[in-house]
Amino acid sequence: MLDQARMQGREVALDGLSMRFGDFTAVHPTDLTIRAGEFFSILGPSGCGKTTVLRAISGFAAPSAGRVLIGGDDVTALGPNRRPTALIFQSLALFPLMTVWENVAFGLEARGMARAERRRRADALLELVALEGQGDKRPAQLSGGQRQRVAVARALAVEPAVLLLDEPLSALDLKLRQHMRAELKAIQRRTGVTFVYITHDQGEALTMSDRIAVMNAGRIEQVDAANVIYDRPETPFVATFVGEQNVFEGRVESVAEGFAAVATPQGRFRAIDRAGLAPGEAAAVMVRPERTAPAANAPSDANRFTARVERIDMEGPYLIAHLRAGDAAAALHVPNLAGAAAGLTGAVEAAFRPEDAAAFRPGGRARG
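Rules and cut-offs
Every chain is numbered independently, its residues counted from 1 as its sequence is written. Residues qualify for local features only when their pLDDT is at least 70, as the model is predicted, and side-chain atom pairs are given and counted only at 80 or more; totals for whole chains, interfaces and linings, by contrast, use all residues. Calculation of side-chain values draws on the structure's entire complement of heavy atoms; hydrogens and water are dropped beforehand. Helix and strand labels come from DSSP, where a helix needs a run of H or I of at least four residues and a strand needs a run of E of at least two; each type is numbered from the N terminus. In this scheme, a residue with accessible area under 20% of its type's maximum is buried, one over 50% is exposed, and one in between is partly exposed, where area comes from a 1.4 Å probe on protein chains only. In what follows, residue pairs with any heavy atoms lying within 4.5 Å of each other are defined as contacts. In this analysis, strands are considered paired if DSSP registers two or more bridges between them. Between N-to-C directions, angles cover 0 to 180 degrees, with each direction set by a line fitted to C-alpha atoms, over the stretch in contact for helices. Orientation labels follow simple angle bins: below 35 degrees gives roughly parallel, above 145 gives roughly antiparallel, 65 to 115 gives roughly perpendicular, and whatever is left gives oblique. Crossing handedness is read from the near helix: turned anticlockwise from the far helix by less than a right angle, it gives a left-handed crossing, and turned clockwise, a right-handed one. In this classification, Asp, Glu, Lys and Arg are treated as charged, Ala, Val, Leu, Ile, Met, Phe, Trp, Tyr, Cys and Pro as nonpolar, and every other residue, Gly included, as polar. Either an automatic procedure or a domain database provided the assignment from which the domain bounds are taken. Two parts placed together each lose some accessible area; with a 1.4 Å probe, that loss summed over both constitutes the buried area. Think of a salt bridge as a Lys or Arg side-chain nitrogen and an Asp or Glu carboxyl oxygen that are within 4 Å of each other. Think of a polar contact as two N or O atoms within 3.5 Å of one another; within protein, one of them needs to be a possible hydrogen donor and the other a possible acceptor, and neighboring residues in sequence only count if both atoms come from side chains.

1. Notes on the side chain of Asn103
Phase 1: Mapped onto the secondary structure, Asn103 falls in helix α2 (residues 100-104).
Phase 2: For Asn103, a relative accessible area of 0% translates into the label buried.
Phase 3: Excluding its chain neighbours within four sequence positions, the residues that come into contact with Asn103 are Leu94, Phe95, Met98, Pro139, Val150 and Arg154.

Shown next as structure tokens:
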């Protein structure tokens, strides 16, 4: 059996970290603390700087300014081999001519561990990742998900305090990705190692993470638990990059008790003021399609608008009604029950609660 007590997650802290390449700033000065033993994801679009942050933590890239601390120790000047980290690449980088157990034990061999002890440790790690009895196979004889777990076992073999994962599920098909999300989360819970996970896939981040940092153009815009990121985004970018939004642009009429009343071509909408708006300012009201519904059963204080149904898409458990309300495109989700689509034709009245909507200043949204 594997002695999991020997694997202890440590805190990772970035202190004023910035990364520049010539005149280009890939990561603007950043302060970030990742708690010991948590599953932490850095989420953002391609080119936002998330992998550059990972390389700085791992030691494969030197910061232009600032420090990297692991477990309170300043490791900024240390190379990758002297940091308590392990890195899993997108490509996995398994050795095709080695057996599975030899791949897992590769780092242990480099450290001079005897063959019999390497095999024992490799078998224990394969058991941890649910690959018992697979040690004598070659990587090519395994499925994509199994190869992914071999890469995790190999990284854990050197007993890292921090495991860094750079979009490791991107090459897998949807069903396998969904399965591996649960597998990775379970492995992280069993070991207690700090996981830092890089992804552009919001589903991966929301499903697995204790907390998420949403990154955009070299800056972290919000760090919070997954449900807070989704339900209470702090910026237009976070609101539109994580999940879908219906967006209605207009001008603020009044602000009271934390809510802004915004006059739009589609109607007068009240929404939570997320930007400290003032009367007369331009604003964008955002509400998620799943919080938008046919108005028949909406409460009396709900925001309402009239739209025309352009098409209905079936997404398995729910239907998406795509709407056109003047110059604004919108959508609403309804459960895929018998007869659900019957009333979603022609002109419809839709509604959403003020507490489900947020008002921001226009601009800064994620590109669709």
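That was the structure; now back to the text.
2. Observations concerning the sheet that holds strand β3 (residues 39-43)
Phase 1: Strand order in the open sheet made by the 6 strands is β6-β7-β8-β3-β9-β10, with mixed pairing throughout. Each edge of the open sheet carries a strand with a single partner, namely β6 (85-88) and β10 (219-224). Going across the sheet, the axis of each strand differs from the next one's by a mean of 20 degrees, ignoring polarity.
Phase 2: Looking at chain direction, β6 and strand β7 (residues 162-166) are connected through 4 bridges and run parallel. Bridging across to β7, Thr85 finds its partner in Val162.

3. Quick look at the pairing of strand β17 (residues 318-325)
Phase 1: β17 sits mainly inside the fold: 6 of its 8 residues count as buried.
Phase 2: Pairing between strand β16 (residues 303-315) and β17: 7 bridges, direction antiparallel. By the bridge assignment, Val309 is partnered in β17 with Leu323.
Phase 3: Taken together, the 8 bridges between β17 and strand β18 (residues 328-335) define a ladder with antiparallel strand orientation.

4. Some points on the packing of helix α5 (residues 144-157) against helix α6 (residues 174-191)
Phase 1: As a packed pair, α5 and α6 sit with axes 10 Å apart at the nearest point and diverge in direction by 20 degrees. Judged by the inter-axis angle, α5 sits roughly parallel to α6. Crossing geometry of α5 relative to α6 is assigned as right-handed. Only Leu176, Met180, Glu183, Leu184, Ile187 and Thr191 of α6 make contact with α5, whose side of the interface consists of Gly144, Gly145, Gln148, Arg149, Val152 and Leu156.
Phase 2: Taken together, the residues of the contact of α5 with α6 sort by class into 6 nonpolar, 4 polar and 2 charged.

5. Quick notes on the domain arrangement of the protein
Phase 1: Segmenting the protein into domains produces domain 1 (12-236) and domain 2 (244-360).
Phase 2: Spacing between the C-alpha centres of domain 1 and domain 2 amounts to 38 Å.
Phase 3: If you look at the interface, domain 1 gives 7 residues, while domain 2 gives 6 residues.
Phase 4: In this assembly, domain 1 packs against domain 2 so that about 630 Å² is buried in total across both faces, 46% of it on carbon and sulfur atoms.
Phase 5: Taken together, the links from domain 1 to domain 2 amount to 1 salt bridge.
Phase 6: One salt bridge connects Asp231 with Arg291, and the closest N-O pair in it is separated by 3.3 Å.
Phase 7: In this structure, the connection of domain 1 to domain 2 is made through 3 residue pairs in polar contact (both at pLDDT 80 or more).
Phase 8: Its residues assigned to classes, the side of domain 1 that touches domain 2 shows 3 nonpolar, 1 polar and 3 charged.

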